Amino acid sequence: MPVTVNTAHRHEADARAQRSCSHCGLTVLPADISVDSTEQFCCSGCQAAWTIIRSSGLGAYHNLPERRAYAVQSDDTDFVYLDHAAYQRTHVRVDADGLARATVQLRGVHCASCVWLIERLPLIVPGVRRVVLNVRRHVAEIEWDPQRATLSQIASTLASLGYPPHPFAEDAMTAARRRDDRTMLIHIAIAGAIAINVMLAALASYSGLSASNDRSLDLFIRWLSLGLTIPALLWPGRTFYRGAVAAIRTRTLHLDLPIAIALSAGFARGAFNTWTGSGPVYFDALTVLIFLLLVGRFIQVKWSRRANDSADLFDAVTPAVAQVIDKGGNLRSVPTASVEKGGVVRVAAGALVAADGVVIRGSSHVDRAWLTGESTPCAVSPGDDVLAGTRNMETDVDIRVTLAGRDTHVGRLMDDVQRESEQRPAAVLTANRLAGAFIGFVLVAAAGTYLFRSAMGDPLALDAAIAVLIVTCPCALAMATPLALNVAIGRATHHGALVRSGDALLILGGHGTVYLDKTGTLTEGRMAVSWWEGDPTLRELILALERDSVHPIAVALRRAWPGVESVAATDVEHVSGGGVSGNVAGQSLHVGSQAFVEGILGRPISVSDGMPIHMTPVFVSNNDRVIACIGLTDPVRRDAEASVTGLRQRGWHVQMLTGDAPGPAAAVANQSGIPAEDITCLASPADKLDAVKQAKRLGAVVVVGDGVNDSAALSASSAGIAMHGGAEVALRCADAYLTHSGLTPLITLVDAARRTQSTITVLLAASLAYNVAAIALALSGHISPLLAAILMPISSVTVIAGAWHTNPFHKRA
């Protein structure tokens, strides 16, 4: 029997075959395909972006081969706060020509086509003069006429194109550092160009080219080299003279002092020999010396900087925008900096709290783990205090602000971090004293050489003194430690650690006290099901109730029972601070805290004797009785005990310093191998800071943590280590950040630090041996300034090669 084909249905099916979004290129779901249109879109955001781009005459964007391959992400942000006076004062600059300029960070920047589209914003928004996008940093510089456009309008347009903007404040210190870096790079480039040309001229002289012609060519080369060396000294070389002048004025021995003396003496001698037309000139050695010293200094400066600005830290743990309820009851988005004491702020579920305050409406749970160290969220209701920087977990709450800005608990904590990070580590002070002693020795040796040889009637007395200054220039000795540290820091990035401070490696290579935080450091920093009592078939009913909840307990339950298929639940009601109720499979079930279930049953209940005391109990009941009980804990990391043992074997005294209660702390310590006498519980951030300060009086202190409550202790410690996944402020305060989970990377870093110290010892010994031999030869007249100029870079290159060749993360046989 023949089959009849419905051609209309077939054509419709063909039309609904797999299609790509006309804007982003992603596959459009069959349900979203429009049969009557040639243009298809995967979402309304892409359709809006496509329409704006086409209507603005920028349709060429969709022909670019690098066009983004993902959908536009919708962004519901109200950008009105960008026009607020407080935000404008901080983030917007108005030039003398009346044009406003601001820097914003864009989300969704992907490739060159994004740059093409974003930088054509002036064609879409009247009043925008210029947009320059740094694609690597996802940062856009916007210039506009404030009389014709507002920043909120510009931001809304960017968001509609799929690039939602966010505040980006480059503080004065960061801007100054960028200017300094730019200046140093310019000086290095100029010094390098001059050095190359002077060396080419010297090559002609050394090769005998000038001797094969008349004497005028030799004189020309001398004067040309002199003319090129003068700008090298006066421009890129002036940094050493500034340091030398400052050293003289402050009566301290600075590294720039012998360098400036050597440069001046070498130049004076070379200029004199150029004038007389006889004797060696040292301009090639001087220009190369300036270039190498500037390169070494730039590397050292880049690696030694620490991001310790308190404003940045405060911004890292508080939201950029707060939802303020005005006197008329209207909800307005304003910058957090403009929140005032006495005002009312609404905190949405999942949002950070913008200020310290008291809850006046709503009930919820607040996650304070990264600020106080508590392992479980804290229930809050009207009358309870909440702190800035904590996260609201469940439902919207309104709080009346009691403290705002820098006066908040977290603001004061950031001030402590600022003060502690300004303290110079002992290793730096010791290195400065040793450098001063060596510089003093070099100056005395050079002066003694000149006086002794002059008294002996030696006409080359000045040459010998210059040779001492140049050949014993403390470059190799000074570069040994930072170079070895820089190499170790660079290679640490491939072995689970980002290290910001070379001093941290020196500290970790020794011994002392290690303070380990509990939550997120010794533990995984998340709730997990560790104990169950009840019928296993109840699990699918419990998951039905917790299906849509974002509470940490609900997440833990779903993670613990991934293979359990939940059934449908009806009449689900989440009780903030208590639990959840609903009808599942014909039963009325309640899952929550002890107080919550007791309120349902109307009588007291007790925890099973089999549940360990340190666990957090969650009860499951129907309307008549408790039918199941769940025990939750923050699991101890698998490598915790082995890492604690490893630290002890390497000479460290390991202690726990936590803000959590004694029960959970003792349980974690027991599993980690930390004795009871080495546990400090209920420690506030101030307590942790005091403990670190006290311990530092007895020796080196290493703090390992992951939360805001650890930030002041991390900053005050001899070496602070931030755990993978920790709070951003902890990462900024720490000297090192473990990029892999667990404590094993810490052991790897400690071993690498010990090997780095061995490398530094070898390099310093080699540099010292070189200087002793070189100064002896210079004193005896066996090294001329020319030979000294050749030997000095060789010694530096030897140190560089030795530091680079050694890999502290590879075990030696």
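The model shown is predicted, which means the values in this text are computed figures rather than measured ones.

Caption draft 1: Region of the structure containing the overall build of the protein chain. When its secondary structure is counted, the protein chain shows 28 helices and 29 strands. Out of the 813 residues belonging to the protein chain, those deemed buried represent 48%. Per element, the accessible surface of the protein chain, about 37700 Å² overall, is 58% carbon and sulfur.

Caption draft 2: Unusual backbone geometry, seen in detail. In this structure, alanine 585 is a non-glycine residue whose phi angle is positive, near 50°. Tracing the sequence through the fold places alanine 585 in the loop between strand 21 (579–584) and strand 22 (587–592). One non-glycine residue, leucine 682, adopts positive backbone phi at about 50°. Examined against the element boundaries, leucine 682 turns out to sit in the loop between strand 26 (679–680) and helix 24 (685–696).

Caption draft 3: The arrangement of the packing of aromatic side chains in detail. Taken as a whole, this structure holds three aromatic pairs when the rule is applied. Taking the centre distance of 5.5 Å and the plane angle of 85° together, the rings of tryptophan 532 and tryptophan 561 count as edge-to-face. Here the residue tryptophan 532 occupies a position in strand 19 (residues 528–534), and tryptophan 561 occupies one in the loop between helix 20 (552–560) and strand 20 (569–575), the gap between them amounting to 29 residues. Each member of the pair, tryptophan 532 together with tryptophan 561, is buried.

Caption draft 4: Layout of the sheet that holds strand 8 (residues 321–325). As summarised here, the arrangement of the six strands in space is 9-8-10-16-11-14, forming an open sheet in which the pairing is antiparallel. Of all the strands in the sheet, the pair left with one neighbour each is strand 9 (331–335) and strand 14 (385–386). Bridge count between strand 11 (residues 356–361) and strand 16 (residues 397–403): five bridges; the pairing is antiparallel. Note on strand 16: the bridge partner recorded for valine 358 is arginine 400.

Caption draft 5: Summary view of the pattern of salt bridges. Overall, the coordinates contain 13 salt bridges when judged by the stated rule. In this structure, arginine 101 and glutamate 143 form a salt bridge, with 2.6 Å as the shortest nitrogen-oxygen distance. Here glutamate 143 lies in strand 6 (residues 139–144) and arginine 101 lies in strand 4 (residues 100–106), a separation of 42 residues in the sequence. On the basis of relative accessible area, arginine 101 is assigned to the buried category, the value being 17%. A salt bridge links arginine 130 to glutamate 143; the shortest N-O distance between them is 3.6 Å.

Caption draft 6: The sheet that holds strand 19, seen in detail. Spatially, the six strands line up as an open sheet ordered 19-24-23-22-21-20, and their pairing is antiparallel. Single-partner strands in this sheet number two, and they are strand 19 and strand 20. Looking at each pair of strands side by side, their axes are set apart by 15° on average, direction ignored. Of the pairings in the sheet, the one linking strand 22 to strand 23 (residues 616–621) comprises three bridges and is antiparallel in character. Residue pairing in the sheet places glycine 592 in a bridge with phenylalanine 619 of strand 23. Sheet contacts for helix 19 (residues 538–545): strand 19, strand 20, strand 21, strand 22, strand 23 and strand 24 (626–633); angle to strand 21, the most-contacted strand, approximately 115°. Against the sheet, helix 20 touches strand 19, strand 23 and strand 24, its axis set at about 75° to strand 19.

Caption draft 7: Representation of the pairing of strand 12 (residues 364–367) in the model. By the bridge criterion, three bridges tie strand 12 to strand 13 (residues 378–380) in an arrangement that is antiparallel. Its bridge partner being in strand 13, histidine 365 is matched across the sheet by alanine 379. The pairing of strand 12 with strand 15 (residues 391–392) spans two bridges and is classified as antiparallel. Note on strand 15: the bridge partner recorded for aspartate 367 is arginine 391.

Caption draft 8: Quick peek at helix 24. In this model helix 24 runs 17 Å from its N-terminal to its C-terminal C-alpha over 12 residues, within 8% of the 16 Å that 1.5 Å per residue would give. Looking at helix 24, one finds that the buried residues are Pro685, Lys688, Leu689, Val692 and Ala695. Burial along helix 24 is one-sided: seen end-on, the buried residues are contained in an arc of 130°.

Caption draft 9: Representation of the side chain of serine 581. As for its placement among the helices and strands, serine 581 is situated in strand 21. We classify serine 581 as buried; its relative accessible area is 11%. Within the structure, serine 581 has its side chain in polar contact with the side chain of histidine 590 (distance 2.8 Å). Discounting residues that sit within four places of it in the chain, serine 581 has contacts with Leu545, Asp571, Val572, Glu573, Leu589, His590 and Phe596.

Calculation rules
Residues numbered from 1 in each chain as written. Predicted model: local features only at pLDDT ≥ 70, side-chain atom pairs only at ≥ 80, totals over all residues. Heavy atoms only, no water. Helix = DSSP H or I, 4+ residues; strand = E, 2+ residues; numbered from the N terminus. Buried < 20%, exposed > 50% of the residue type's maximum accessible area, 1.4 Å probe, protein only. Areas by Shrake-Rupley, 256 points an atom, 1.4 Å probe, with all protein chains shown as cover. Phe/Tyr/Trp six-rings, centres within 6.5 Å; stacked < 30°, edge-to-face > 60°. Pairing = 2+ DSSP bridges. Salt bridge = Lys/Arg side-chain N within 4 Å of Asp/Glu carboxyl O. Axes fitted to C-alpha atoms, helices over the stretch in contact; angles between N-to-C directions. Contact = heavy atoms within 4.5 Å. Expected span 1.5 Å × (residues − 1). Arc of directions from axis to C-beta. Polar contact = N/O pair within 3.5 Å; in protein donor to acceptor, adjacent residues only side chain to side chain.

That's the geometry; what it means functionally is another story.
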